[in-house]
Amino acid sequence: MKKVFIPLCSLCVALTVYSQSVPTTDGPTLRADNIDEVISAMTLEEKVHLVIGCGMSMGSDSKFPGTAGRTYDIPRLGIPSVYLADGPHRLAMASKREFDSHTYYATEFPSSTTVAATFDTKAAFQIGQTLGTEVKDYGMDVLLAPGVNLMRNVLCGRNHEYYAEDPVLVGKIAAAYINGVQSEGTGTCLKHFAVNNQETNRNNNDSQLTTRPLRELYLKCFEIAVKESQPWSIMTAYNKVNGKYTCEDRELTEDILREEWGFKGLVMSDWNAGKDAVASIAAGNDMLQPGQERQYNAILEAVKDGTLDENLLNISVKRVLEFVVKTHTFAGYDYPNETDLKAHAQIDRQIGAEGIVLLDNRNTLPMDGNIRQVGLYGTTSYDMIPAGMGFGSTGYGYYTVSMVEGLRNAGYTLDKGLLDSYKKHQADEQKRLFPQGRPPFSFTPLPRADEFIPTADELVAQAKVNDIAILTLGRVSGEGCDRKIEDFNLTDKESELIKKVSSAYHAAGKKLVVILNICSPIETASWKEQADAIVCAFQPGQEVGNSIVDILSGKMNPSGKLPMTFAIKYGDAPSDANFPFDYTFKMPSFAMGTGMNFKSDKKETKPQEPEQNVDYTLYEEGIYVGYRYFDTFEKEVSYPFGHGLSYTTFAYTIEEVNMNDDRCCMKVNVKNTGKTAGREVVQLYVKAPKGSMHKPSKELKAFDKTRLLNPGESQTLTLEWNVMDMASFNEQNSSWELAKGEYLWMAAASSADVRCTTTQKITKARKQKVHNAMRPQVSISVHPIVKR
Ligand code: BGC
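Because the structure is predicted, anything quoted here is derived from the model rather than measured.

Enquirer: Please explain the site of the ligand as it appears in this structure.
Expert: The full set close to the ligand counts 14 residues, and Asp86, Arg158, His192, Asp270 and Glu479 are the nearest of them. One of the side-chain nitrogen or oxygen atoms of Glu479 is found 2.7 Å away from an oxygen atom of the ligand.

Enquirer: Is there a simple way to think about the layout of surface pockets in this case?
Expert: Rolled over the atoms, a probe with the dimensions of a water molecule shows which regions are left empty. The space that makes up the second largest pocket amounts to roughly 750 Å³. In terms of lining residues, the second largest pocket is bounded by 30 residues, among which Pro447, Arg448, Arg475, Val476 and Asp487 are the most central. At the level of elements, helix H16 (416–433), helix H18 (485–488) and helix H19 (492–507) are the ones that each hand at least two residues to the lining of the second largest pocket. Residues that form the lining of the second largest pocket fall into these classes: 10 nonpolar, 8 polar and 12 charged.

Enquirer: I keep staring at the environment of Gly27 and nothing clicks. Help me out?
Expert: By the element assignment, Gly27 lies in the loop between helix H1 (8–16) and helix H2 (35–40). A relative accessible area of 33% means that Gly27 is categorised as partly exposed. Through-space distance from the C-alpha of Gly27 to that of Val374 is 70 Å; in sequence the pair is 347 residues apart. Dropping the residues within four chain positions of it, Gly27 is found in contact with Arg76 and Leu77.

Enquirer: Would you explain the sheet that holds strand S2 (residues 83–86) in this entry?
Expert: Pairing between sheet strands relies on hydrogen bonds along the backbone, with the strands arranged either parallel or antiparallel. Taken in spatial order, the 6 strands make up an open sheet running S1-S2-S5-S6-S8-S11, and their pairing is mixed. Each edge of the open sheet is held by one strand with a lone partner, namely strand S1 (69–70) and strand S11 (266–268). Relative to S2, S1 runs antiparallel, the two sharing 2 bridges. Looking at S2, one finds that Arg70 is bridged to Tyr83.

Enquirer: Help me out: how do you make sense of the sheet that holds strand S24 (residues 728–730) in this one?
Expert: Strand order in the open sheet formed by 3 strands is S24-S25-S28, with antiparallel pairing between adjacent strands. Each of the sheet's edge strands pairs with one partner strand only, and the pair in question is S24 and strand S28 (766–769). Going across the sheet, the axis of each strand differs from the next one's by a mean of 30°, ignoring polarity. Note: S24 against strand S25 (residues 735–738), 3 bridges, orientation antiparallel.

Enquirer: Sorry, what's going on with the state of the cysteines here?
Expert: Note on terminology: disulfide describes a covalent bond linking the sulfur atoms of two cysteines. This model, assessed by the stated rule, comprises 0 disulfides. The thiol of Cys189 is not disulfide-bonded; the next cysteine sulfur, from Cys247, is found 13 Å away.

Enquirer: How do you make sense of the nonpolar core when you look at a structure like this?
Expert: A general trend in soluble globular proteins is that nonpolar side chains are found buried together. Counting 69 residues, the largest nonpolar core has Met140, Tyr163, Tyr177 and Phe193 as the members making the most contacts within it. The leading source of residues in this core is helix H6 (residues 167–182), at 9 residues. Residues within four places of Tyr163 in sequence aside, it is in contact with Ser112, Thr113, Ala116, Pro146, Gly147, Val148, Met151, Val170, Ile173, Ala174, Tyr177 and Pro563. Counting 63 residues, the second-largest nonpolar core is a separate cluster that includes Ile371, Leu490, Ala504 and Cys536.

Enquirer: Would you mind showing me how to read helix H17 (residues 456–465) here?
Expert: Two residues of an α-helix separated by three or four positions point the same way, owing to the 3.6 residues in each turn. Buried within H17 we find Leu459, Gln462 and Ala463. The buried side chains of H17 occupy one side of the element, clustering within an arc of 100° when seen end-on. Across from the buried face of H17, at angles greater than 90 degrees, the exposed residues are Asp457, Val460, Lys464 and Val465.

Enquirer: Any chance you could explain the environment of Gln760 here in plain terms?
Expert: Within the fold, Gln760 resides in strand S27 (residues 753–762). Along the backbone, Gln760 and Trp745 are 15 residues apart, and their C-alpha atoms lie at a distance of 7.4 Å. The residues touching Gln760, leaving out its near neighbours within four places in the chain, are Val657, Met659, Gly741, Glu742, Tyr743 and Trp745. A distance of 3.4 Å separates the side chain of Gln760 from the side chain of Thr758, its partner in a polar contact.

Enquirer: What's the story with the pattern of salt bridges in this structure? I'm lost.
Expert: Pairing between side chains of opposite charge can happen when their charged atoms approach one another. Scanning the entire structure with this criterion turns up 48 salt bridges. For Lys705, the salt bridge is made with Glu354, and the minimal N-O distance between the two is 3.8 Å. Of this pair, Lys705 sits in strand S22 (residues 699–705) while Glu354 sits in helix H14 (residues 341–354), and the two are 351 residues apart along the sequence. We note that Lys705, like Glu354, is buried. With its nearest N and O atoms 3.6 Å apart, the salt bridge here joins Lys493 to Asp450. You can see Lys493 sitting in helix H19 and its partner Asp450 sitting in the loop between H16 and H17, a full 43 residues away along the chain. Among the ionic contacts, a cluster of salt bridges with common partners joins Arg158, Glu161, Glu199, Arg202 and Glu479.

Enquirer: Hey, could you run me through the packing of aromatic side chains in this one?
Expert: For any pair of aromatic rings, the description consists of the separation of the ring centres together with the inter-plane angle of the planes. A complete count under the given rule lists 24 aromatic pairs for this structure. Residues Tyr218 and Tyr619 carry aromatic rings whose centres are separated by 5.3 Å and whose planes lie at 75° to one another, so their mutual orientation is edge-to-face. Pair noted here: Tyr218 is in helix H7 (residues 211–218) and Tyr619 is in the loop between strand S18 (616–618) and helix H22 (627–632), with a separation of 401 residues, a long-range link. Ring centres of Phe729 and Trp736 lie 5.3 Å apart, and the angle between their planes is 70°; this geometry places the pair in the edge-to-face category.

Enquirer: Just checking my understanding: could you explain the packing of H14 against helix H20 (residues 544–552) for this structure?
Expert: The geometry of a pair of packed helices is captured by two quantities: the angle between their axes and the separation between those axes. With their axes 8 Å apart at the nearest point, H14 and H20 run at an angle of 50° to one another. Our classification of the angle between H14 and H20 gives oblique. Note on packing geometry: the crossing formed by H14 with H20 is right-handed. Residue-level contacts link Asp348, Arg349, Gly352 and Ala353 of H14 to Asn546, Ser547, Asp550 and Ile551 of H20. A class-by-class count of the residues in the contact of H14 with H20 yields 2 nonpolar, 3 polar and 3 charged.

Conventions used here
- Think of each chain on its own: its residues are numbered from 1, step by step along the sequence as written.
- Local features in this predicted model are restricted to residues of pLDDT 70 or higher, and side-chain atom pairs are both shown and tallied only at a pLDDT of 80 or more, whereas totals for entire chains, interfaces and linings draw on every residue.
- Note that water and hydrogens are dropped before the side-chain values are worked out from all heavy atoms of the structure.
- Nearness here has a simple test: a residue counts as near a molecule or strand if at least one of its heavy atoms is within 4 Å of that partner.
- Pairs of N or O atoms within 3.5 Å make up the polar contacts considered here, provided that, within protein, one atom can donate a hydrogen while the other can accept it, and that residues adjacent in sequence are counted only when both atoms are side-chain atoms.
- Points on a 1 Å grid over protein atoms alone make up a cavity when a 1.4 Å probe fits among them but cannot get out, and a pocket when they form an open set with protein on both sides within 12 Å along at least five of seven lines; lining residues each have an atom within 4 Å of a point.
- Grid points are joined across faces, edges and corners, and a volume is the space filled by probe spheres set on the points.
- Helix and strand labels come from DSSP, where a helix needs a run of H or I of at least four residues and a strand needs a run of E of at least two; each type is numbered from the N terminus.
- Gly falls in the polar group here, along with every residue not listed as nonpolar (Ala, Val, Leu, Ile, Met, Phe, Trp, Tyr, Cys, Pro) or charged (Asp, Glu, Lys, Arg).
- Throughout this description, buried means an accessible area under 20% of the type-specific maximum (1.4 Å probe, protein chains only), exposed means over 50%, and partly exposed covers the range between.
- By definition in these notes, contact holds between two residues if any of their heavy atoms fall within 4.5 Å.
- Pairing between two strands requires that DSSP report at least two bridges joining them.
- Axis definition: a line fitted to C-alpha atoms, over the contacting stretch in the case of helices. Angles run 0 to 180 degrees between N-to-C directions.
- The term disulfide is used for any two cysteine sulfur atoms that are within 2.5 Å.
- By nonpolar core is meant a set of buried Ala, Val, Leu, Ile, Met, Phe, Trp, Tyr and Cys residues that side-chain atoms within 4.5 Å join together.
- In this description, the arc belongs to the directions extending from the helix axis to the C-beta atoms.
- By convention in these notes, a salt bridge is any Lys or Arg side-chain nitrogen within 4 Å of a carboxyl oxygen on Asp or Glu.
- For Phe, Tyr and Trp, rings pair up if their centres lie within 6.5 Å, where Trp contributes its six-membered ring, and each pair is then called stacked (planes under 30 degrees apart), edge-to-face (over 60) or tilted (otherwise).
- Any angle between 65 and 115 degrees counts as roughly perpendicular, while under 35 counts as roughly parallel, over 145 as roughly antiparallel, and the rest as oblique.
- Left-handed describes a crossing in which the near helix is turned anticlockwise from the far one by less than a right angle; the clockwise case is right-handed.

This is the structure we're talking about:
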């Protein structure tokens, strides 16, 4: 294949040039209450400009270098550009600017997965609010976040930017985050709408699925977030769904999002998404970002020759202006151009620790007072991963607290000889991996150092002098490519390291704690018995080392819960077969949406037959994603959804249950029955009667988390949800159907640990008809492992 290289800067220039001309005739000045008047005073050219962005703002000549884009400005009408920057876990912008000695650092907060693992909407609100403050402090307007695509498959490269495998957890956490950001007057952009679950061929892949999983899972996350937070904007996705690009699908944007869910804001495309600009505007996709000249010309021509009704364009223009008048920039906010990085780091440390999940603990954690010296293993311990890669983040915070620093901050000492060996190993590995030096920015994950394994004699000596072994395994993923099975599995060296450290320390009567600093699950079943405790930290942000040590030392009691299932092996989940797990996809990061074909060399020599899992992906597992599958089909897992241990114990009692026509409510009293203060998450699952459709054996409908409860203390949590949330989607007649019969309500500590139950009766079946929209164009068979 001939390689086409598009340098970042030349593309930016190409995209920005056309947006320079500004008409100079007079007109009304934009206010929140004269939008229609302003639209009437606009030329057709101005209207078209307004529904197209101004190109990428990555370059050093832009007002905010390193940010994603801005809207078009029309000074004669008092319409400013408003500035859009990526999230979700960091305000993505360049921290240094040309000819400017000031620095513009932004806090690297916990990854979205880590935030979801808190199961705490207040934590999500606080992260959102702090990000909203940073955006405002640095003079920008809208954070392009959160991403709420469901974790359909463990190998999706962007899972770290998403929240969970369950739509209720995703939707509620996202809504809280959005409400947090918007409480600061900063806008959000909920993305990527919809069914965007793989990075391989992301610009062209067609997600093919039936309407039940579409409605119950993939749209549900968005529906909850939209209804509970009203984000200022929504970003359509790159992919197609059932044959149509999402940005060109009026059924998605108008029928479902606006008409059914009552969304009031702006819809924008993902960056360079879709093919047909006119179809996008006609579909109610109001703004195309970052904007291309060909899109401008196409829309202008279409209005002139009557193929696009100008009234449709006016509707989009109006939505853009309604968006503009809400912003800090429009209000003329005099921003300080700096933010309270110290205070925000503390928020990262706290919430990063709240999202840490204690997977296993055999009398090992918290580390007791006699433990002073630590043998620290694993290259990741010395090169921690604060976050994932992609536009949302460089994957490096402006600083990253390693395990070495975290342990030292808490007063532990480290095995000096071991530390020196790792220092040398890391330096050698950096030279091997990056002979030209480590790049300052990377969009996709950079290669990581190979593991270092001390000799048997060294390990015996280390086990003698150290009080405990801590070993960190790391995984990082990013935008533009998916993980491979090899990334899910441990490397031979990782397995060998765990085995050897475990034997040496156990022989000396000492323990091994394994830390997972990972983007998404890895294989744990084959080695977990060799560790005495396993702590899954995901990616807690720049304070990563401190957050983890706060848990290990017992300064904080773990209260995180898994937002996804840890399967025993890749292949266990039904979506595993329908995912590009072994496909090498080549897409230069800035070549998205240019219409070029970047499929791998090997495959491109074949005739252009649509390739399964690359050009299209079949969602044959239907609704059986994550625990909905493992639980219903009684398939063994390594760690179930919702699992997470504590240093204390809790007892649950149902205090009150009621249901009226609209709402369900269960009050659960949680008592700390152990000896350590701690917080507990209560998960409310429902098992619905079969009715005319097959049903999962449980589905999460609500969750809540206690405050810090002292030993003996208790708190009553009120879990509430809608009666119709217990309905299933009937594909035959496009309706939500609530079957009559007995519903089992379960208060649980995880999807596999139900603590108390009650049965409630629905005496009259109910039906709620919705649009018969987004139906598959091909027949989608049911995957054999979910056939009942
Ligand atoms: C990503 C979006 C992001 C946009 C702007 C795209 O590649 O998919 O999530 O907001 O770029 O940076």
